[in-house]
Structure formats: C-alpha cells, structure tokens
Amino acid sequence: MEYLQFLIIIIFSPLVQGIIKKLKANCQGRVGASILQPYYDLIRLFKKEMVFSRVTSWIFRVTPFIVFISTIVAAMMIPVITTKSSFSLMGDVIALIYILALGRFFLALAALDAGTSFGGEGSSREMIVSILVEPMLMLCIFTVAITAGSTNIAMIAEPQSFVLSPSHVLALLAFLIAIIADTGRVPVDNPDTHLELTMIHEGMILEYSGRYLALIEWSHYIKQMILFTLFVDMFVPLGIAHDTEMTGLIMSSGVYLLKMLFLAGFMAIVESTRAKVRVFQIPSIVGGSFVLAVLALLTLIMVGK
Amino acid sequence: MKDWMDLLYVMDFVSIGILITAISINSLSQIEAWIKAYMINSWLLSLLIFFVAVKNPEHHLYVASTLTFASKGVLLPFFLKSIVKQMKKVQVVETYLSTSLSLIISGIIIAIVYVSLGKGIFVTGFSSFVLKISVAVILIGLFIMITRRSAIAQILGLLFMENGVFLAGFSLTFGMPSIVELGVVFDLLMIVIIMGVFMVQIKQKFSSDAADMDQLTNLKG
C-alpha cells in the first residue's frame, strides 16, 4: 500500500495545476477553464502525431523519457500521506534535488539540440535560474535537516509538529520563493505565454510536439507537486500518518488535500498580484531570498533554534 | 504573558525582524520605501524593549520603549517624509553597487559578525544573539552610508547605525537612565533637522535631482 503513495502525486499533479489556474482566473474576475483542463490537454497531446526537426539527434528523443522517469523517481522518494515507506532508505533529500537537476540538465541539452535561437535562450535562462535556486533549496533543507538530525525526508517529517522558530520561518520564506522560481511562476517566469522575450521554460520545449510534449508537461506538473509536498513535509508535517492503518491514511489524505489547496491558493494570489519582472532583475529577487536562506542557517547555528 | 513569550520565541523573532528590515533596504530603490523600512525597524526596536520590560519589570524600560516609538517610530519618519516631499521629485536611490552584490555583501557582513562574536562574550540581560544582531545592523548602516550617493540615503544609513548602537548598548547594559536616553533622542532629532536643512540647501545650490553628494567633491577653497 505504502509503495503506491507516489501515484497520488503522479495522478493528481495536473489537477493541482488546474486548481491554480482556476483560482487565478477567479482572482482576476474571469470564469476560467475547468479544473480538469490540464488532463484534457494531456490527452489531446497524447493523441497527436509528433514532428521532428531533421537536425535533431538522439538526445532530443530520449530527453522526454529521462525527464519523466527522473521526476517519477523523485516522486517515489518523498512521503506523501504516510512517513512509513519502503523507499525511505533512499529517501534522501539531497539526492532528490539532484535527481530533479538531472531532468533539468537533459531538458537544457535537448533545447540546444534543435539548434533554434529560442531553445538556446530558454536553456541559458533556465540554467541561470537553477544556479541561483539550487543552493537556496539546499540551504533551506540543511536548516531543517540539522534540527531533525537527518537528511531523510521521512525522518524530517516524523516529529509531527509545526516547528516555529526564527530560523525555520526564514527558511520557509526562502523555500517559498525558491518554489516560485523553480516552477516558473509569475514573478520569475510566466507559464502561460509564448512571448519570446519573456519565456524561460516554454522556450526550451518549443520544438516538442505530440506525446513527447505531453510527457514533458506532465513531468513539469509532477515536479511542481513534488516541491509542494516537500514544502509540506519539511515545514508543516502536522497530520501526516506514521503507519499504514486505513483510518490514519484517510485522515492524513484529507489534511494533505487541505495543505495542497492552501498552497495552490497562495500561488494563485502571488500570480495575480505580482507582475513579471525583467529577466535581468531575477538575480536580485532570488539573491534577496538567498540571503534569507543564508541567514536561516546562520541563525540556526548561532542561536540553536 | 511571560510564558507564551518563551514558548513562541517572540523576542528572537523581533530581533531577527530588526536585522531583516536593515538588510531589506539594500534591495529597495525608492526612498519612501527606505523610510518605511526605518519606521518598521524602529517599531520593532521599541517592541523588543517593551518585551524586555515585561520580562524584567523596571519602569525606565517602559519609558525607553515609549520614547523610542515616539521619536524614531513616528517623529523622524514624518520629518524625513516631509523633506522628501520638499524635494518634489520621485526619489530613486543611486548606488555604486548592484542590488544583488550589495545584498551578498551584507550577508557576508552578518556572517563575519556572527562568527567573530562567537559564544565567548558574556552578556547580561538578554541573549548574546541580540548583541550580534546589533553589531550587524551598525555595520550594514555603515555600508549603506558608504555605497549610496544621495544625501538622504546617507542620513538613513546613519539612523540605522544609531538604531544598532542603541540596541547594542541596551543589550549590554539594560538601558541607561531615562535622562540620558532623553538626551540622546534629542541629539538625534537635532542632527536630523540640521542635516535636513543642509540637504535642501545642497539641492537648491546645485539643482540636482537627489542631492547628489558626488558634486561636493569639487568644493575646494
């Protein structure tokens, strides 16, 4: 039973995206598409035929699979509704971040492979953002891991409480900004446009079509939900089950649903109240939250709480 | 009240807030936002003193808290805002360094302070953590004064330094007698008023947009 909890992330990740889009539309006074729209999009893309450029090599063809599989492996590692998991032995949070980085690396390679200018632009921007975001994620994770005494995510989520201390709040803020930057949300990247001046993620996958595009989009949704789940596990593990009893699992699923809805609402509010910044201002936003993350770790080391 | 203060680390949060408002001005470009950051910094300072006063009931602590709030939290920001209004232009702070670089430098400053003022320092009253934060705020204020061009930004750097000095003295000595604190606050008000007059004069003499201090380098007799 507990082997299968990663299926929750895989199945429901388009739903989370749909909910965010719906809430965002409601915030802006529009009706918006149905919350099931990402599923329809994926089904439609899976039915379409694929077109390849003649100059592409094998990297272009294996990348969707590498991205999708590495994202699923990352999803297997984190506790979703119960901390007891057979994969918990390898559930190391540092490995998780770098498994996600593997997918991102191949995506950037594939974008360069097609030889279009948009692909190169997109991958260079994605690398800039990831250079800034990855150390930030690591610092936040270290802050929490030192308190928990382990880098295993299940062990971090185990204490069953909401730790309120200065270092945790700083790390929480930095992690939220890191999630926004890493999933390509509005102050950093606009996921809805295909405007060449602003796109980061869309620029990289411009050459893909059909099933491969569906795989990449789906793994993007999964990655977003992985980061949300990681956030919940690290900072508010309240209510997560410790064993595999049915009642506990049902209750923790409900709590998990609530937390996801809350995060989706937060993202929608951020997206509709903020404007997208210029590309060259991204380092100053992310740099600010990097200082927050450094402060979190320093505070933890020096104050001890 | 003492119980939940210990439980929720309220004092740690307030002192971290003082540090963060001091760092945040590195990333702000509008001078109004700087004044707001200074205002919040002073409010947090007086809140911290108030919490200490609740923990160790002494009357002069309450007086110091109220005095800080009234002078630095209300009067000075109001005065600075009126000066900015007199300048009649949207004030954008010009800096010699880029935003991210100055943020990183202030991060390094904090790291150096945290490391060099290790655990060995004996501090009466509240935690040695507050002393570290106050020294960091002093150095960040100095850094702001060095790297900003316009006069009003330099004044704000000085005011942040003053807040840091106040906090450092407070964390070491549990506050001076009320009469001394009254004198210090009065001094500060005078300094800011004189500087304000100077600033308006500089602007009128050189008719520059933001009282740029670089133009004073040519003044040699």
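Here the residue numbers are simple positions, counted from 1 along each chain's written sequence. Lettering of chains starts at A and numbering of ligands starts at 1, both following the order in which they are written. Thresholds applied to this predicted model are a pLDDT of at least 70 for local features of residues and 80 or more for the giving and counting of side-chain atom pairs; totals over whole chains, interfaces and linings are not thresholded and use all residues. The side-chain numbers reported here are obtained from all heavy atoms of the structure, hydrogens and water having been left aside.

Undergrad: Would you explain the packing of aromatic side chains in this entry?
TA: Aromatic rings in a pair are described by how distant their centres are and how their planes are angled relative to each other. In this scheme Phe, Tyr and Trp rings, the latter by its six-membered ring, pair at centre separations within 6.5 Å, and the angle between planes marks the pair as stacked below 30 degrees, edge-to-face above 60, and tilted otherwise. One pass over the structure, following the stated rule, counts 16 aromatic pairs over all chains. Centre to centre, the rings of Tyr38(B) and Phe160(B) are 5.7 Å apart; their planes meet at 75 degrees, and the pair counts as edge-to-face. In this pair, Tyr38(B) sits in helix H3 (residues 31-55) while Phe160(B) sits in helix H7 (residues 151-173), placing the two residues 122 residues apart along the sequence. These aromatic residues form a ring-pair network of at least three members: Phe52(A), Phe60(A), Phe65(A), Tyr208(A) and Tyr212(A). Charges are assigned to positions over rings by a cutoff of 6 Å between ring centre and Lys NZ or Arg CZ, combined with an angular limit of 35 degrees from the ring normal. When the ring centre of Phe52(A) is taken as reference, the NZ or CZ atom of Arg61(A) above it lies at 4.2 Å. Directly above the ring of Phe166(B) sits Lys72(B), whose terminal nitrogen or CZ lies 4.0 Å from the centroid. Counting from the N terminus, the helices are the DSSP runs of H or I reaching at least four residues and the strands are the DSSP runs of E reaching at least two.

Undergrad: Mind showing me how you'd approach the confidence of the model for chain B here?
TA: For residues with low pLDDT, the predicted coordinates do not support detailed interpretation. Taken residue by residue, chain B gives an average pLDDT of 82. The fraction at 70 or more is 83%. The predictor's confidence in any single residue is recorded as pLDDT, a number from 0 to 100. Across chain B, the element-wise mean pLDDT spans from 65 in helix H1 (residues 2-7) of chain B up to 89 in H3(B).

Undergrad: What exactly am I supposed to notice about the interface of chain B and chain A here?
TA: In many analyses, interface size is given as the accessible surface area lost on bringing the parts together. Facing the 18 residues of chain B at the interface are 17 residues of chain A. Note on terms: buried area is the combined drop in 1.4 Å-probe accessible area of two parts once they are placed together, counting the loss on both. Taken together, the two surfaces of chain B and chain A that pack against each other cover about 1600 Å², and 86% of this comes from carbon and sulfur. It is Tyr9(B), Phe13(B) and Tyr114(B) that lose the most area in chain B upon contact with chain A, and together they represent 31% of the buried surface on that side. For salt bridges, the criterion is a side-chain nitrogen of Lys or Arg within 4 Å of an Asp or Glu carboxyl oxygen. For the pair chain B and chain A, the interface holds zero salt bridges. N or O atoms closer than or at 3.5 Å make up a polar contact, with two conditions inside protein: a donor-capable atom paired with an acceptor-capable one, and, for residues adjacent in sequence, both atoms drawn from side chains. At the junction of chain B with chain A, the criterion picks out zero residue pairs in polar contact (both at pLDDT 80 or more). Top contributing element to the side of chain B that touches chain A by residue count: helix H5 (residues 99-116) of chain B, with eight residues. Grouping the amino acids of the side of chain B that touches chain A by side-chain chemistry returns 14 nonpolar, two polar and two charged. Contacts were defined at the residue level, with two residues in contact if any of their heavy atoms lie within 4.5 Å. Three residue categories are used. Nonpolar comprises Ala, Val, Leu, Ile, Met, Phe, Trp, Tyr, Cys and Pro, charged comprises Asp, Glu, Lys and Arg, and polar comprises the others, including Gly.

Undergrad: How do you make sense of the pattern of salt bridges when you look at a structure like this?
TA: When the charged atoms of two side chains with opposite charge come close together, those side chains can pair. Residues and elements named next belong to chain A. Taken as a whole and assessed by the stated rule, the structure comprises nine salt bridges over all chains. For aspartate 41, the salt bridge is made with arginine 44, and the minimal N-O distance between the two is 3.5 Å. Here aspartate 41 and its partner arginine 44 are both found in helix H2 (residues 37-47), three residues apart, which amounts to about one turn of the helix. By relative accessible area, arginine 44 is classed as partly exposed at 41%. Relative accessibility thresholds used throughout: buried, under 20% of the residue-type maximum; exposed, over 50%; partly exposed, between the two (1.4 Å probe, protein chains only).

Undergrad: Looking at this model, I keep getting lost on helix H4 (residues 59-87) of chain B. Mind explaining?
TA: Relative to the 42 Å expected for 29 residues at 1.5 Å per residue, H4(B) spans 41 Å between its end C-alpha atoms, a close match to the ideal helical length. The sharpest bend along H4(B) comes to roughly 30 degrees, located at Leu75(B), with the proline Pro77(B) sitting one to four residues further on. A helix's residues, less one, multiplied by 1.5 Å, set its expected span. Two axes enter the definition of the bend at a residue: one is fitted to the seven residues ending there, the other to the seven starting there, and the bend is the angle between them.

Undergrad: Honestly, the nonpolar core in this entry has me stumped. Any pointers?
TA: The nonpolar side chains of a soluble globular protein tend to be buried with one another. One finds Ile9(A), Phe175(A), Leu230(A), Leu19(B), Ile110(B) and Leu159(B) to be the most contacted residues of the largest nonpolar core, which totals 130 residues. It is H3(B) that provides the largest number of residues to this core, a total of twelve residues. Joining through side-chain atoms within 4.5 Å is the link that ties buried Ala, Val, Leu, Ile, Met, Phe, Trp, Tyr and Cys residues into a set, and such a set is a nonpolar core. In this structure, Leu45(A), Ala108(A), Met204(A) and Ile216(A) belong to the second largest nonpolar core, which totals 17 residues.

Undergrad: How do you make sense of the side chain of Arg104(A) when you look at a structure like this?
TA: Residue and element names in this part refer to chain A. Assignment of secondary structure puts arginine 104 in helix H4 (residues 93-113). Relative accessible area serves as the criterion here: at 8%, arginine 104 is assigned to the buried category. Dropping the residues within four chain positions of it, arginine 104 is found in contact with Glu126, Met127, Ser130, Glu134, Asp182 and Lys223.

Undergrad: Could you clarify how one ought to interpret the environment of Tyr98(A) in this entry?
TA: All names here are of chain A. Along the polypeptide, tyrosine 98 turns up in helix H4. Residue tyrosine 98 is classed as partly exposed on the basis of its relative accessible area of 42%. Beyond its immediate chain neighbours, meaning those up to four positions away, tyrosine 98 contacts Glu134 and Met138.

Undergrad: For this particular structure, what's the right way to read the packing of helix H7 (residues 166-182) of chain A against helix H10 (residues 246-273) of chain A?
TA: Helix packing geometry: the angle between the two helix axes and the distance between the axes. Residue and element names in this part refer to chain A. Every axis in this analysis is a line fitted to C-alpha atoms, fitted for helices over the stretch in contact. Angles between the N-to-C directions lie between 0 and 180 degrees. Following both chains from N to C, one finds H7 and H10 inclined at 70 degrees, their axes separated by 12 Å at the closest point. As the angle between them shows, H7 and H10 are arranged roughly perpendicular. Touching Leu176, Ile179 and Ile180 of H7 are Leu263, Phe266, Met267 and Val270, all from H10. Considering only residue class, the contact of H7 with H10 consists of seven nonpolar, no polar and no charged. Orientation categories follow fixed angle ranges, with anything under 35 degrees roughly parallel, anything over 145 roughly antiparallel, 65 to 115 roughly perpendicular, and all other angles oblique.

Undergrad: It is not clear to me how the environment of Lys259(A) should be interpreted in this structure. Could you clarify?
TA: Residue and element names in this part refer to chain A. As for its position among the elements, lysine 259 is in helix H10. Taking the C-alpha atoms as reference points, lysine 259 and valine 232, separated by 27 residues in sequence, lie 7.3 Å from one another. Among residues more than four places away in sequence, those in contact with lysine 259 are Val232, Val236, Pro237 and Leu238. Here valine 236 takes part through its backbone oxygen, which lies 3.0 Å from a polar atom of the side chain of lysine 259.

Undergrad: Can you walk me through the packing of H2(A) against helix H9 (residues 210-235) of chain A in this structure?
TA: Residue and element names in this part refer to chain A. The contact between H2 and H9 brings their axes to 7 Å, and the two run at 150 degrees. Regarding the angle of H2 to H9, the classification is roughly antiparallel. In this structure, H2 contributes Pro38, Leu42, Leu45 and Phe46 to the contact, and H9 contributes Gly210, Arg211, Leu213, Ala214, Leu215, Glu217, Trp218 and Tyr221. Split into classes, the residues belonging to the contact of H2 with H9 amount to nine nonpolar, one polar and two charged.

Undergrad: How should the confidence of the model for chain A be read in this particular structure?
TA: Averaged over all residues, the pLDDT of chain A equals 86, while 95% of them reach at least 70. Mean pLDDT values over the elements of chain A span from 82, in helix H6 (residues 153-157) of chain A, up to 93, in H2(A).

Undergrad: I tried to follow helix H8 (residues 178-206) of chain B on my own but got confused; where do I start?
TA: Within an α-helix, residues lying three or four positions from one another point in the same direction, as the helix has 3.6 residues per turn. All names here are of chain B. Helix length check: H8, at 29 residues, gives a terminal C-alpha distance of 42 Å against a target of 42 Å (1.5 Å per residue), a fit within 8%. Among the residues of H8, Glu181, Val185, Leu188, Leu189, Val192, Gly196, Met199, Val200 and Ile202 are the ones counted as buried. On its buried side, H8 packs onto H4 and H7.

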